[in-house]
Amino acid sequence: MKKRSVGGIIVINFFKTIGIIALLIAVGVLSYYLTMLYFKQTARTERSTAYKHVISVNTGNESSNLIYSYDAKTKKIKAMVLELFDSTSGNLNYITIPVNTQIAISSGTYAELIQVSQKLPQLSMMSDINEYFSGDVAYEYGILILQEELKADIGYFTAVSSDKFDTWFENAGTKEKPKYKPARALLDRVAKNPAEDTIEALMEELWNDLITDITLSQKQNYAEALTRVNPDNIRLYRAYGTKNGNIFTLNKKKNKKLVNRIWESESYTSSQKSSSTGKTVSSQTAGHSIQITNGSAINGLAAAYQKKLQADGYHVIDIGNLVGNKQTKTVIYARKKTWADGFEKYFPDVSVIQRDTLTNGADIEIVLGTDADLAS
């Protein structure tokens, strides 16, 4: 047998080495392209990255999320709910904002927005926000307009078609005055397995059916905190304001106070008290005794308010007449001012004064003025 030369062996080993290197490179390149193909096939396209935002999107510990329900054909806004979630305390709140809310945009803001859309009137309707602006960014312009009126920061939005909204939310109020909350079906799904991965999976399942200016991973950052929410302790509110015909005007002062009170609240440990009429009794007021004193000189006014408040779940211990001059302005006296929260819906401009001693030893005393006349 003929022996190979040293040179021949070196050449053979060299080409073997080159072949192995080439094979490794080919495997590496193929793996790279297969990996990229996998991510291309499975990666989620985030709508929120497809346009330039006009608000500073904020998904901090205090999640302020404006939820829009829109008609899939007309794009008309059918419902609006401001979701306020404190991931530190675990408090979850929903403020329903009437869709017929009309806002007088301030001159400075309007001067900027009219450059974006010539269709925008200075007296704008929140239900028509998709008529004024085009694309997903329209919902952010809605935030700019609304938060100026609410005097509250809104971090991001979620928009969902009305058919999906009606599946995900239910009305705990009336048809005329809706008060939306998460549907029991969704809450029950989480209740069966209240774990972080359950909530993350639910978010991912619903994600393709909504429009938002945040990413799925940003939303899933709230999953762990949401496991600490007791569904029975979710608070529901309606935005304060006045209705004139088909137009609703927000009350800036009261809504600012409501939002601030929500953010400042300790962790909820009990359910929100509600009467058979569907009206909410403030958790601060619930259980406290109320004296109604008629200072208006209008016969039967104290009795009328007694009936009204008792029907709404308040504890009225007695009524009576004020001795002295006729009162024109209603005043609420309370041994603690916070106990008088919630009466703004009956007396919009009422003054609250702290006083230790009240008639009949009550915790709260409402002294009615002529401005409380139910006939006016």
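Residues numbered from 1 in each chain as written. Predicted model: local features only at pLDDT ≥ 70, side-chain atom pairs only at ≥ 80, totals over all residues. Heavy atoms only, no water.

Things to note about unusual backbone geometry
Using the following cut-off: Secondary structure follows DSSP: runs of H or I at least 4 residues long count as helices, runs of E at least 2 residues long count as strands, and numbering of each begins at the N terminus.
Within the chain, K75 stands out as a residue other than glycine whose phi angle is a positive 70°. Tracing the backbone shows K75 in the loop between strand 1 (62–70) and strand 2 (77–86). One non-glycine residue with positive phi stands out, namely N360, at about 60°. In this structure, N360 sits in the loop between strand 16 (351–354) and strand 17 (364–368).

Structural notes on the confidence of the model for the chain
To be explicit about the condition: The pLDDT score gives, residue by residue, the confidence of the prediction method on a 0 to 100 scale. Here, residues are in contact when the closest pair of their heavy atoms is within 4.5 Å.
Mean pLDDT over the chain stands at 87; residues scoring 70 or higher make up 88%. Within the model, pLDDT remains below 50 along residues 38–43, and this stretch shows 0 contacts once partners closer than five positions in the same chain are excluded.

Some words on the nonpolar core
Basically, it comes down to this: What makes a nonpolar core is a set of buried Ala, Val, Leu, Ile, Met, Phe, Trp, Tyr and Cys residues whose side-chain atoms join them at distances within 4.5 Å. Per-residue accessibility, obtained with a 1.4 Å probe over protein chains only, is compared with the maximum for each type, and a residue is labelled buried under 20%, exposed over 50%, and partly exposed between these values.
Y68, I95, I97, I145 and L146 are the most contacted members of the largest nonpolar core, which has 45 residues in total. Here this core takes 8 residues from helix 4 (residues 137–150), the largest share from any one element. If we ignore the near neighbours within four places in the chain, the residues touching I95 are M80, V81, L82, L84, Y237, R238, A239, L258, V259 and I262. In this structure, Y180, I214, A225 and L236 belong to the second largest nonpolar core, which totals 29 residues.

Details of the side chain of E46
Tracing the chain through its elements places E46 in the loop between helix 1 (6–42) and strand 1. Filtering out sequence-adjacent residues up to four positions away, E46 remains in contact with W207, I214, T215 and L216.

What to know about the environment of L144
With respect to the secondary-structure elements, L144 resides in helix 4. On the basis of relative accessible area, L144 is assigned to the partly exposed category, the value being 24%. With residues up to four places along the chain from it excluded, the contact list for L144 reads V54, I55 and L113.

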